[in-house]
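The chain contents come next:
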Amino acid sequence: MSLAEKYCLTAAFVFFMTGLISGIWKYRLMAKGVDHQARYYVDITHRSSLLYSFAAILLAKFAELSVFSEVVNNTAALATLTFFAAAIVTYIVHGILKDTDNQLEHPHKVGNTKLPAWLIPVFMLLLIIAEVGGSAVLGLGALLSIWK
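Computed from a predicted structure; not experimentally measured.

A. Molecular detail of the packing of helix α2 (residues 40–65) against helix α3 (residues 70–97). In contact at an axis separation of 9 Å, α2 and α3 are set at 170° when each is read in the N-to-C sense. When the interaxial angle is binned, α2 and α3 end up roughly antiparallel. Contacts between α2 and α3 involve Tyr 41, Val 42, Ile 44, Thr 45, Ser 48, Ser 49, Tyr 52, Ala 55, Ala 56, Leu 59 and Ala 63 on the former and, on the latter, Asn 73, Thr 80, Leu 81, Phe 84, Ala 87, Ile 88, Tyr 91, Ile 92, His 94 and Gly 95. A class-by-class count of the residues in the contact of α2 with α3 yields 14 nonpolar, seven polar and no charged.

B. Structural view of the layout of surface pockets. Looking at the largest pocket, its volume works out to about 320 Å³. As for the largest pocket, its lining consists of 19 residues, of which Thr 90, His 94, Gln 103, Ile 120 and Phe 123 are closest to the centre. In terms of residue count, the dominant contributor to the lining of the largest pocket is α3 (six residues). Here the lining of the largest pocket is built from residues that sort into 13 nonpolar, five polar and one charged.

C. Here's a closer look at unusual backbone geometry. Here the residue pair His 106 and Pro 107 is connected by a cis peptide bond, since its omega of -10° sits within 30 degrees of zero. When you line up the elements, Pro 107 lands in the loop between α3 and β1 (109–110). Phi is positive for His 36, which is not a glycine, with a value near 55°. As for its placement among the helices and strands, His 36 is situated in the loop between α1 (3–32) and α2.

D. A look at the pattern of salt bridges. Per the stated rule, a full pass over the model turns up three salt bridges. A salt bridge links Asp 43 to Lys 26; its shortest N-O distance comes to 2.5 Å. One end of the pair, Asp 43, is in helix α2; the other, Lys 26, is in helix α1, and 17 residues separate them in sequence. Of the two residues, Asp 43 and Lys 26, both sit in the buried class. Its salt-bridge partner being Arg 47, residue Asp 43 comes within 2.4 Å of it at the nearest N-O pair. Of the two residues, Asp 43 and Arg 47 both sit in helix α2, four residues apart, roughly one turn of that helix. Note on Arg 47: relative accessible area 42%, which makes it partly exposed.

E. Up close: the nonpolar core. Counting 20 residues, the largest nonpolar core has Phe 15 and Leu 81 as its most contacted members. For this core, the secondary structure elements donating two or more residues are α1, α2 and α3. Apart from the residues within four sequence positions on either side, Leu 81 is in contact with Tyr 7, Cys 8, Ala 11, Phe 15, Ala 56 and Leu 59.

F. Region of the structure containing the side chain of Gln 103. As for its position among the elements, Gln 103 is in the loop between α3 and β1. Relative accessible area serves as the criterion here: at 19%, Gln 103 is assigned to the buried category. Apart from the residues lying within four places of it in its own chain, the contact partners of Gln 103 are Tyr 41, Thr 90, Tyr 91, His 94 and His 108.

G. Just the packing of aromatic side chains, in detail. The final tally for this structure, using the stated rule, is seven aromatic pairs. Between Tyr 41 and Tyr 91, the aromatic rings sit 5.8 Å apart at their centres with planes inclined by 25°, giving stacked as the arrangement. Highlighted residues: Tyr 41 in helix α2 and Tyr 91 in helix α3, separated in sequence by 50 residues. Pair check on accessibility: Tyr 41 and Tyr 91 agree, each one buried. Taken together, the aromatic side chains of Phe 15, Tyr 52 and Phe 84 make up a single cluster linked through ring pairs.

Rules and cut-offs
Residues numbered from 1 in each chain as written. Predicted model: local features only at pLDDT ≥ 70, side-chain atom pairs only at ≥ 80, totals over all residues. Heavy atoms only, no water. Axes fitted to C-alpha atoms, helices over the stretch in contact; angles between N-to-C directions. Helix = DSSP H or I, 4+ residues; strand = E, 2+ residues; numbered from the N terminus. Parallel < 35°, antiparallel > 145°, perpendicular 65-115°, else oblique. Contact = heavy atoms within 4.5 Å. Nonpolar A, V, L, I, M, F, W, Y, C, P; charged D, E, K, R; others polar. 1 Å grid on protein atoms, 1.4 Å probe; cavity = no way out; pocket = protein on both sides within 12 Å on 5 of 7 lines; lining within 4 Å. Points joined across faces, edges and corners; volume = space filled by probe spheres on them. Salt bridge = Lys/Arg side-chain N within 4 Å of Asp/Glu carboxyl O. Buried < 20%, exposed > 50% of the residue type's maximum accessible area, 1.4 Å probe, protein only. Core = buried A, V, L, I, M, F, W, Y, C linked by side-chain atoms within 4.5 Å. Phe/Tyr/Trp six-rings, centres within 6.5 Å; stacked < 30°, edge-to-face > 60°.

Taken by themselves, the reported measurements are silent on function.
Listed below in structure tokens is the structure:
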């Protein structure tokens, strides 16, 4: 098994467990809340963690089949998984702090701390490049393998 596959499967496990545990958090908030709703970013944490876990398994399969070098596959996998994880961590932080229901709302903030105006757009651009680019590299490597 390649290192890229190991990264992807490890991330899949961590993301899946985060999804399950955040589901307990979500349930607890729904059970004790007046409106029976969980906080917005608790719900997002739960759903995105589960979705990212299955995306990581898909990336593992792409990495397994990819014709690209181990260095290329490792880099693509790590770039994608790092930003999946960063998104989940951000959702957890907002869920704990109860500070927003829209992290892209201006001014950007975490808790009571206002973030520089450039930070979130730069982070989002890097996230797009890493997630789409890394997934595309692994997917293209797999397609080149199966359609040769």
